[in-house]
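Structure at a glance
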Amino acid sequence: MILTAMLFYPGGEHLTSWRLPGGRPADYLSVGYYEDFARTAERAGFAAVFYADELYVWDRFPSGVEHVANLRPEPFGLLGALTRCTERIGLVATVSTTYNEPFHTARQVGSLDFLSSGRAGWNLVTSASDEEARNFGLDRNLDHAARYRRGAEFVEVVHGLWDSWDDGAVAPDVASGRYADPAGMHVLDHEGEFFRVRGPLNLPRPPQGRPVLFQAGSSEDGRRLAGRHAEAVFVPGSAPLPGAQRLYEDYKSRAVAAGRARSDLLVLPALSPVLGATTAQARERVDEIEALTPDRLSLDWLSHHLGVDLSDRPLDEEFRFDFAGGSNQVQTVYEGIRKLVDRDRFTLRELYRVMLRRRFLPGTPEEVAD
Ligand SMILES: Cc1cc2nc3c(=O)[nH]c(=O)nc-3n(C[C@H](O)[C@H](O)[C@H](O)COP(=O)(O)O)c2cc1C
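Residues numbered from 1 in each chain as written. Predicted model: local features only at pLDDT ≥ 70, side-chain atom pairs only at ≥ 80, totals over all residues. Heavy atoms only, no water.

1. Digging into the packing of aromatic side chains
To be explicit about the condition: Aromatic contacts are taken between Phe, Tyr and Trp rings whose centres are within 6.5 Å, Trp giving its six-membered ring; a plane angle under 30 degrees counts as stacked, one over 60 as edge-to-face, and the others as tilted. A simple rule labels every residue: compare its accessible area, found with a 1.4 Å probe on the protein chains alone, to the largest value its type can have, and call it buried under 20%, exposed over 50%, or partly exposed in between.
Summed over all chains, the structure comprises 14 aromatic pairs. Relative to Y9, the ring of F8 lies with its centre 4.6 Å away and its plane at 55°, an arrangement referred to as tilted. For the pair formed by F8 and Y9, the shared burial category is buried. Consider the rings of W58 and F61, whose centres lie 6.0 Å apart with planes at 70°: the pair is edge-to-face. With respect to class, W58 is no different from F61; both count as buried. Aromatic ring contacts, followed pair by pair, group W122, F154, W162, F194 and F195 into a single cluster.

Quick look at the structure:
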């Protein structure tokens, strides 16, 4: 079993977990907070620390600014610092392939691989919101399909750049004055739909050759990209077992269809355990987290994912919604809401409660491990 420790919100994986004991929200810019997290995960046998990231402040609704711990340091500076206090654990940075250039990313991930002696990974995300687009010269995000086409081309360029230098081509010899062998250097000369990159990369091939690639989108396009390129994929962990097994099989067969071995792609369900000394205590903690989350914030979170401001809708009447318009944001969440509403009747209040609670796995440590 491969376990990776995800770090996004301080104190746990919830909009308001920064308010829980141990959340330490005032420490979000201090290296000590992250050192404690990484060392604890390493001691516990986790394979990697996965540092999640987005490229904007969620200010679409005032509640997002007022109540959510939206601010965080940039991944590569942070993970570079963590190379010094850890020895074995993988360090995984999140990279938006929509709002980065492959040359920069090849260099950043490759450098982290050198600095950590072969422990670097990257989590490919395609960025889901218009707010991110507006920080990079666009009014709205690229279409979902274009984001994934760009993501796939991005990976190919990064891999190509990591192969700029043959192993052994960079071997500085003081006596002869020969630093590198020109015959061992390759110019990429990539030209595609989104990128024109000459290369070579100004970094030898990273210690791992290709640092580990994670991916997390489970739409059709996301799965195709993962099947072809990813070595591990994060999937929603709250699905009932038969659905989870189908999803697992789907990823494995896509890897095989892309000419890879089943074992080349790991499937990592995302779980948010909430622990208690007893089951009842763990459940009470979930209630506690919910009680710390203002209703307006939960409602705005749902509005965000449906792409429509729901604040004028009654909270306690049956919720009806036209899903025909689809979503250009996170399709997995949108489809999750659609499935719930298709199957059962919900008021808005019930719907955001179910959506925000479904990712929790409350229990004693033994129950969660089982
Ligand atoms: C465990 C997990 C972690 C994720 N981490 C990030 C992240 O750090 N940054 C980000 O922009 N999106 C993140 N996502 C969102 C995915 O990258 C992706 O955008 C989302 O699942 C929607 O993909 P889809 O449109 O293919 O369904 C994460 C998703 C999951 C399940």
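2. Looking at the pattern of salt bridges
A side chain with one charge may pair with a side chain of the opposite charge, provided their charged atoms come close. This is how the line gets drawn: Any carboxyl oxygen of Asp or Glu within 4 Å of a side-chain nitrogen of Lys or Arg constitutes a salt bridge here. Think of it this way: any DSSP run of H or I at least four residues long counts as a helix, any run of E at least two long counts as a strand, and we number them from the N terminus.
Applying the stated rule across the entire model yields 27 salt bridges. For D287, the salt bridge identified is with R357, shortest N-O distance 3.0 Å. One end of the pair, D287, is in helix α9 (residues 279-291); the other, R357, is in helix α12 (residues 348-357), and 70 residues separate them in sequence. Residues E290 and R353 are paired through a salt bridge, measuring 3.1 Å at the closest nitrogen-oxygen approach. Highlighted residues: E290 in helix α9 and R353 in helix α12, separated in sequence by 63 residues.

3. Examining the packing of helix α1 (residues 31-43) against helix α3 (residues 75-82)
Here is the rule: Interaxial angles span 0 to 180 degrees and are taken between N-to-C directions of axes, which are lines fitted to C-alpha atoms, for helices over the stretch in contact. Roughly parallel means an angle under 35 degrees; roughly antiparallel means over 145; roughly perpendicular covers 65 to 115; every other angle is labelled oblique. Less than a right angle of anticlockwise turn of the near helix away from the far helix marks a crossing as left-handed, whereas a clockwise turn marks it as right-handed. Only heavy atoms enter the contact rule, under which two residues are in contact if any of them lie within 4.5 Å. Classification used: nonpolar for Ala, Val, Leu, Ile, Met, Phe, Trp, Tyr, Cys and Pro, charged for Asp, Glu, Lys and Arg, polar for all others including Gly.
Running from amino to carboxyl end, α1 crosses α3 at an angle of 60°, the nearest separation of the two axes being 10 Å. Classified by the angle their axes make, α1 and α3 are oblique. For α1 against α3, the interelement crossing comes out right-handed. Contact residues: V31, Y34, E35 and A38 in α1; L78, A81 and L82 in α3. Of the residues assigned to the contact of α1 with α3, the class counts are six nonpolar, no polar and one charged.

4. Things to note about unusual backbone geometry
In this structure, P200 follows G199 across a cis peptide bond, with omega equal to -5°. Mapped onto the elements of the fold, P200 is located in the loop between β8 (196-197) and β9 (212-215). A positive phi angle, close to 45°, is found at R24, a residue other than glycine. Here R24 lies in the loop between β1 (4-7) and α1. Unlike most non-glycine residues, S127 shows phi in positive territory, near 65°. With respect to the helices and strands, S127 occurs in the loop between β4 (120-125) and α5 (130-134). Take S127: its relative accessible area is 6%, and that puts it in the buried class.

5. Points about the site of the ligand
Defined as follows: We call a residue near a molecule or strand when any one of its heavy atoms sits within 4 Å of it. Under this definition, polar contacts are N or O atom pairs within 3.5 Å; protein pairs additionally need one hydrogen-donor-capable and one acceptor-capable atom, and for neighbouring residues in sequence, both atoms have to be side-chain atoms. For the area figures, the Shrake-Rupley method with a 1.4 Å probe applies, and any residue is considered shielded solely by the protein chains shown.
Around the ligand, the surrounding shell holds 19 residues, and the nearest of these are D53, H144, Y148, S219 and T332. Contact between the ligand and H144: an oxygen atom at 2.7 Å from a side-chain N or O atom of the residue. Between S218 and the ligand, the recorded distance is 3.5 Å, taken from a backbone N or O atom to an oxygen atom. The protein chains hide 87% of the 630 Å² of surface that the ligand would expose on its own.

6. Observations regarding the side chain of S298
Checked against the element boundaries, S298 lands in helix α10 (residues 295-306). Beyond its immediate stretch of four places on either side in the chain, S298 contacts T293, Y352 and L356.

7. Side note on the nonpolar core
This is how the line gets drawn: In these notes, a set of buried Ala, Val, Leu, Ile, Met, Phe, Trp, Tyr and Cys residues joined through side-chain atoms within 4.5 Å is what counts as a nonpolar core.
Counting 37 residues, the largest nonpolar core has Y34, L79, L82, W122 and W162 as the members making the most contacts within it. When residues no more than four places from it in sequence are discounted, the contact partners of Y34 are L7, D27, Y28, Y51, P73, L78 and L82. Counting 35 residues, the second largest nonpolar core, distinct from the first, contains A52, F234, L268 and L302.

8. Quick notes on the domain arrangement of the protein
Our working definition: A domain assignment, automatic or from a database, supplies the domain bounds used here. When two parts are put together, the accessible area they lose, computed with a 1.4 Å probe and summed over both, is reported as buried area.
Segmentation of the protein into domains returns domain 1 (4-215) and domain 2 (275-369). Once you take the C-alpha centre of each, domain 1 and domain 2 turn out to be 29 Å apart. Contact with domain 1, which involves 22 residues of that partner, is made by 19 residues of domain 2. For the pair domain 1 and domain 2, the two sides together bury roughly 1800 Å², of which 61% comes from carbon and sulfur. The largest per-residue losses of area from domain 1 upon contact with domain 2 belong to H14, L15 and F61, which jointly make up 28% of the total buried on that side. The interface formed by domain 1 and domain 2 includes four residue pairs in polar contact (both at pLDDT 80 or more).

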